[in-house]
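Structure at a glance
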Protein chains: 2
Amino acid sequence: MKEISKLIDYRADIKVVDATLRDGGLVNDFYFPDGFAKALYEANVRAGVDYMEFGYKAAKDMFDESKFGPSKFSNDDYIRSIVGDNNTDLKIAVMADVGRTNFKTDILPKSESPVDLIRVATYLHQIPGAIEMIEDAHNKGYETSCNIMAISTAQDGDVKAALDIIGKSPVDVIYIVDSYGSIYPEQMQRIAKLYCEYGHKYGKKIGIHAHNNQQLAFANTIEACGDGVDYLDATYAEMGRGAGNCAMELLLGFLKNPKYNIYPALDFIEKYMRPLRDSGTKWGYDIQYLLTGLFNQHPRTAIAFTKDGRKDYTEYFKEITAQE
Amino acid sequence: MKEISKLIDYRADIKVVDATLRDGGLVNDFYFPDGFAKALYEANVRAGVDYMEFGYKAAKDMFDESKFGPSKFSNDDYIRSIVGDNNTDLKIAVMADVGRTNFKTDILPKSESPVDLIRVATYLHQIPGAIEMIEDAHNKGYETSCNIMAISTAQDGDVKAALDIIGKSPVDVIYIVDSYGSIYPEQMQRIAKLYCEYGHKYGKKIGIHAHNNQQLAFANTIEACGDGVDYLDATYAEMGRGAGNCAMELLLGFLKNPKYNIYPALDFIEKYMRPLRDSGTKWGYDIQYLLTGLFNQHPRTAIAFTKDGRKDYTEYFKEITAQE
C-alpha cells in the first residue's frame, strides 16, 4: 500500500510531458487548426508542464511532406516559429521512430536546435537501432529517452534483456509504453517495479505513456507515479491515437506540486480541444477500443471501425476474435 | 502488491450488480424506451450478471407517479411484467432511500414479491433510519445491503462508528459508495481495507459503487475487487447520474469467472445503449464532472452545466471554487 503522504505531498522530480501534437497528430495527420500549436505552447508554459512534444522527426524520403501537417516532421524552423528562443522553463521534445527517421541528417547538433529531448520509439526487435539513435542524439548534446513499444505482447525475458542493453546506453529516461491499452493497474505496478529496478541499477529515470482503451490511462499513470515513475505523458482532452491517452487535465488535477496549474488547461480545452472535437475530429474511449485493449491487440482494426462509422460491435467482436 | 494469480484465476464469491435502470434512470427520470428493461433483463441473464437493480422504491406521497418512469417506484407488478416468475439465476434488487421510502407499506413480504435484495441508501446522519429499514426488510425475508453515501466528505471516526452500528445489524452487504467520483485508487485501497476489516469482524460482505468523474470508476472497482470486495456495481455503457458509473462491459471483460460473458453486453449496448446516447440522452465523463470529482463536491452543479449546454469550463471553475 502506498504512503498516504504521497497523496498530500509531492515528489519534486515528477516531470509532466505533453504529447498532444505527437500522439494527437495521429488522429488528424498532424493538421491542427491555425493558432493551435502556439496556444498549446502557451497553455503548457502557464500550466507548469515540463516538456512539450512537438511531433515526429519522420523521414522525408518515406513520408510526403505535402500529405501531413508540420508535426509529422517537426523541423527546427517550424518549432522556432512557435517557441521563438523558448525563454521559458518548458523543454521541447520530438519523437524519432527507429527505421523511420534520418537522424544523422535531420537531427542537428543541440547547439543549433530548439529541441531539448529526443524520444526514441522502438520495438523490442529494433533495440540495437534504438541504441545507435540514442548515442547519436546524446553525442549531439540532447537529453534522450527510449520508449519501448508493445511490451504487453512481449516475453518478460526479452523485456529484461532490452532493459539491460538500454541501461548500458547513455539514455536518460526509459519509458513504460502501454501501446494497446491492455494493461491493468495491478500489472502496471509489477512493470513499474521491474523498470524502476533497472532504472536504479543503471541510473536512469523511468517514464509512463498510457492509452485509454479500458479507461485506465489516468489510473495506470497515477499507479506508476505512486510506484516511483517520474516522467508522465499526457494529452489535453486525452487526444491521441484510437482511445487516446492520459488526460492532461486529470493529471494536473491529481499532482500536488504547486508549480502545476489546471486552469490554463481548462482554458485551452475550452478554446481549442472542445471545438476540435465538435468539428468532427474523433478520438477517445469507445467499445471498439475496449475490445482491442481487452484482447491485447493493436488498435488499427478499431481505428478502421471508427473511421467507417460502424456501430455493429457484435460483428466486430466476432471479426477480431475469429480463430481461423 | 496483489497476487498475480488474482489476474488469471478468479474469486467465486464475486457478485456483479447491474444498476443501469436505477442509476441510469437518474439521467432520464426513469423514462426508458419500450422494450429496454426486458432486453436489459435478458442481457443480464445471458451475461451471467448476479443481480439486476430495477430502480428505487420512492414514496408516492413525495413523488408524483405521473412525472417519472416505472423504475422510480419499482412496483412489484412492474417488475413481474418484465421478469415473470424470474426462473433464472439473476436476482432482483431495488433501492430504498432513508426518509424517501414508505417501506412499511410499499415493501411487501418477500414471499409476495419478485424482489430478492433491498439496497438501503443512507447518509451518515441517517444510520438509525437505515437500521430500521434493514431490520424491516430482513424480517420480511429479503437480502439487504447498506449503501453509505458521500463518505469522501466524512470523518474517518464517523465512518467507523457507522460501520460498527451497521455491522451489528442483520444486513448482508455493506457498500463503499464513491458518490462524488473523488476517490483515487490509492485511497480506495485504504477504504476497502477498513470496510473489509469490519466485514470480517461482523460477517458481512463488502460492495463497491463507483462514479466516473475522474475516469476512475472501473479502476476503483477492480482495485476494490483485488482488495477483497465482493459486490461490484456496474451499468451498461456506464450510464448513471452525471459522469456515470463503472462500465459493465469493462467489468465483464476483466472478470475471469467463465460464468461471465461480455458478448450479450455488447449486443445490448449495440441495440439499446448506443441508440439511447445517439437520441441525445446525456451522461458520462466530461470536464465539469472531473471538476466536481476533483473538488469532492456533489455533481448537481455539473449536471446543471450539462443540462444548460454550457461549455465555458473556465467560468464554471471559478463558480465552483469561489471562496466568498
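If you're wondering where the values come from, they're calculated on a predicted model, not measured in any experiment.

Glancing now at the overall build of chain A. On a plain count of helices and strands, chain A comes out with 14 helices and 8 strands. Principal-axis analysis of the C-alpha atoms gives chain A an extent of 55 × 45 × 45 Å. The buried share of chain A, taken over its 324 residues, is 62%. A separation of at least 24 residues holds for 76% of the contacts in chain A among residues at least 6 apart in sequence. Of the roughly 12300 Å² that chain A leaves accessible, carbon and sulfur atoms contribute 50%. The distance from the centre of the 37 positive side-chain charges to the centre of the 47 negative ones in chain A is 1 Å.

Turning our attention to the layout of surface pockets. Residues and elements named next belong to chain B. Size it by volume and the second largest pocket reaches roughly 970 Å³. Taken together, 36 residues make up the lining of the second largest pocket; nearest its centre are Leu26, Tyr56, Arg241, His298 and Ile303. Of all the elements in the fold, those that place two or more residues in the lining of the second largest pocket are helix 2 (20-23), strand 3 (91-97) and helix 13 (300-307). Sort the elements by how many residues they give to the lining of the second largest pocket and helix 13 lands first, with 4 residues. Grouping the constituent residues of the lining of the second largest pocket by class yields 16 nonpolar, 10 polar and 10 charged.

With that settled, consider the sheet that holds strand 7 (residues 205-209) of chain A. Residues and elements named next belong to chain A. Pairing is parallel in the closed barrel, where 8 strands are placed in the order 1-2-3-4-5-6-7-8. Recorded for the sheet is a direction-independent mean angle of 25° between the axes of neighbouring strands. Alignment of strand 5 (residues 143-148) against strand 6 (residues 173-177), held across 4 bridges, turns out to be parallel. Within strand 6, the residue paired with asparagine 147 across the bridge is tyrosine 175. Contacts between helix 4 (residues 76-83) and the sheet are confined to strand 2 (51-56) and strand 3 (91-97), with strand 2 contributing the most and set at about 145° to the helix. Contacts between helix 8 (residues 185-202) and the sheet are confined to strand 5, strand 6 and strand 7, with strand 6 contributing the most and set at about 165° to the helix.

Opposite the 46 residues of chain B that make contact, chain A presents 46 residues. Buried surface at the junction of chain B and chain A, summed over both partners, amounts to about 4500 Å²; 64% is from carbon and sulfur atoms. At the surface where chain B touches chain A, the tally comes to 4 salt bridges. The closest approach of N and O atoms between aspartate 286 of chain A and arginine 274 of chain B, which form a salt bridge, is 3.0 Å. Summed over the shared surface of chain B and chain A, the number is 14 residue pairs in polar contact (both at pLDDT 80 or more). Ranked by residues supplied to the side of chain B that touches chain A, first place goes to helix 11 (residues 263-278) of chain B with 7 residues. Counted by class, the side of chain B that touches chain A contains 23 nonpolar, 8 polar and 15 charged residues.

Under the criterion given, the structure shown has 34 aromatic pairs over all chains. Relative to phenylalanine 73 of chain B, the ring of phenylalanine 68 of chain B lies with its centre 6.3 Å away and its plane at 75°, an arrangement referred to as edge-to-face. Each member of the pair, phenylalanine 68 of chain B as well as phenylalanine 73 of chain B, carries the same accessibility label: buried. Site record: aromatic cluster; members linked through ring pairs are Phe32, Phe36, Tyr236, Phe268 and Tyr272 of chain A. For the cation-ring pair, lysine 72 of chain A lies above phenylalanine 68 of chain A, with the distance from its terminal atom to the ring centre recorded as 4.7 Å. Sitting over the ring of tyrosine 175 of chain A, arginine 119 of chain A keeps its end group 5.0 Å from the ring centre.

Moving on: the domain arrangement of chain A. All names here are of chain A. For chain A, the assigned domains read domain 1 (4-279) and domain 2 (287-322). The distance between the C-alpha centroids of domain 1 and domain 2 comes to 26 Å. Across the contact, 11 residues belong to domain 1 and 10 residues belong to domain 2. When domain 1 packs against domain 2, the two sides together hide about 850 Å² of surface, and 56% of this comes from carbon and sulfur.

With that out of the way, let us pick up the packing of helix 13 (residues 300-307) of chain A against helix 14 (residues 313-320) of chain A. Residues and elements named next belong to chain A. Between helix 13 and helix 14, the shortest axis-to-axis distance is 12 Å and the interhelical angle comes to 155°. It follows that helix 13 is roughly antiparallel to helix 14 by the angle criterion. Viewed along their axes, helix 13 and helix 14 form a crossing whose handedness is right-handed. In this structure, helix 13 contributes Thr301, Ala302 and Phe305 to the contact, and helix 14 contributes Tyr313, Tyr316 and Ile320. Considering only residue class, the contact of helix 13 with helix 14 consists of 5 nonpolar, 1 polar and no charged.

This part covers the sheet that holds strand 5 (residues 143-148) of chain B. Residue and element names in this part refer to chain B. Within the closed barrel, the 8 strands sit side by side as 1-2-3-4-5-6-7-8. Their pairing is parallel. Each adjacent strand pair in this sheet contributes to an overall mean axis angle of 25°, direction not counted. Looking at chain direction, strand 7 (residues 205-209) and strand 8 (residues 231-234) are connected through 2 bridges and run parallel. The residue bridging glycine 207 from the neighbouring strand is tyrosine 231, located in strand 8. Relative to strand 2 (residues 51-56), helix 4 (residues 76-83) is tilted by about 145°, and along the sheet it contacts strand 2 and strand 3.

It is worth spelling out the pattern of salt bridges at this point. Considering all chains together, one arrives at 54 salt bridges over all chains under this definition. Of the charged contacts, one joins lysine 259 of chain A and aspartate 50 of chain A as a salt bridge, the two residues approaching to 2.3 Å between their closest N and O atoms. Of this pair, lysine 259 of chain A sits in the loop between helix 10 (248-254) and helix 11 (263-278) while aspartate 50 of chain A sits in the loop between helix 3 (36-47) and strand 2, placing them 209 residues apart in sequence. A residue is classified by how much of its surface remains accessible, and lysine 259 of chain A, at 38% relative accessible area, is partly exposed. A relative accessible area of 6% places aspartate 50 of chain A in the buried class. Of the charged contacts in the structure, one is a salt bridge between aspartate 312 of chain B and arginine 310 of chain B, with a shortest N-O distance of 2.8 Å. Looking at aspartate 312 of chain B, the relative accessible area reads 23%, which means it is partly exposed. When its relative accessible area of 26% is taken as the criterion, arginine 310 of chain B is described as partly exposed. When salt bridges that share partners are traced, they join Arg22, Asp23, Glu53, Arg119 and Asp233 of chain A into one network.

For helix 12 (residues 287-294) of chain B, a buried count of 7 out of 8 residues is recorded, marking the element as mostly surrounded by other parts of the structure. Those residues of helix 12 of chain B lying buried are Ile287, Gln288, Tyr289, Leu290, Leu291, Thr292 and Gly293 of chain B. At its buried positions, helix 12 of chain B is contacted by helix 10 and helix 11 of chain A together with helix 13 and helix 14 (313-320) of chain B. Asparagine 296 of chain B, located one to two residues past helix 12 of chain B, shows a positive phi value of around 55°.

Counting 198 residues, the largest nonpolar core has Tyr236 of chain A together with Tyr236 of chain B as the members making the most contacts within it. A total of 8 residues in this core trace back to one element, the largest contributor, which is helix 8 (residues 185-202) of chain B.

All names here are of chain B. Structurally, serine 74 is set in the loop between strand 2 and helix 4. For serine 74, a relative accessible area of 0% puts it in the buried group. Within the structure, serine 74 has its side chain in polar contact with the backbone oxygen of serine 71 (distance 3.3 Å). The contacts of serine 74, once residues within four sequence positions are left out, are Phe54, Gly55, Tyr56, Lys57, Ile79 and Val94.

Criteria and cut-off values
- Residues numbered from 1 in each chain as written.
- Chains lettered and ligands numbered in written order.
- Predicted model: local features only at pLDDT ≥ 70, side-chain atom pairs only at ≥ 80, totals over all residues.
- Heavy atoms only, no water.
- Helix = DSSP H or I, 4+ residues; strand = E, 2+ residues; numbered from the N terminus.
- Buried < 20%, exposed > 50% of the residue type's maximum accessible area, 1.4 Å probe, protein only.
- Contact = heavy atoms within 4.5 Å.
- Areas by Shrake-Rupley, 256 points an atom, 1.4 Å probe, with all protein chains shown as cover.
- Lys, Arg positive; Asp, Glu negative; His and termini not counted.
- Charge placed at Lys NZ, Arg CZ, Asp CG, Glu CD.
- 1 Å grid on protein atoms, 1.4 Å probe; cavity = no way out; pocket = protein on both sides within 12 Å on 5 of 7 lines; lining within 4 Å.
- Points joined across faces, edges and corners; volume = space filled by probe spheres on them.
- Nonpolar A, V, L, I, M, F, W, Y, C, P; charged D, E, K, R; others polar.
- Pairing = 2+ DSSP bridges.
- Axes fitted to C-alpha atoms, helices over the stretch in contact; angles between N-to-C directions.
- Buried area = accessible area lost by both parts, 1.4 Å probe.
- Salt bridge = Lys/Arg side-chain N within 4 Å of Asp/Glu carboxyl O.
- Polar contact = N/O pair within 3.5 Å; in protein donor to acceptor, adjacent residues only side chain to side chain.
- Phe/Tyr/Trp six-rings, centres within 6.5 Å; stacked < 30°, edge-to-face > 60°.
- Lys NZ or Arg CZ within 6 Å of the ring centre and 35° of its normal.
- Domains from an automatic or database assignment.
- Parallel < 35°, antiparallel > 145°, perpendicular 65-115°, else oblique.
- Left-handed = near helix turned anticlockwise from the far one by under 90°.
- Core = buried A, V, L, I, M, F, W, Y, C linked by side-chain atoms within 4.5 Å.

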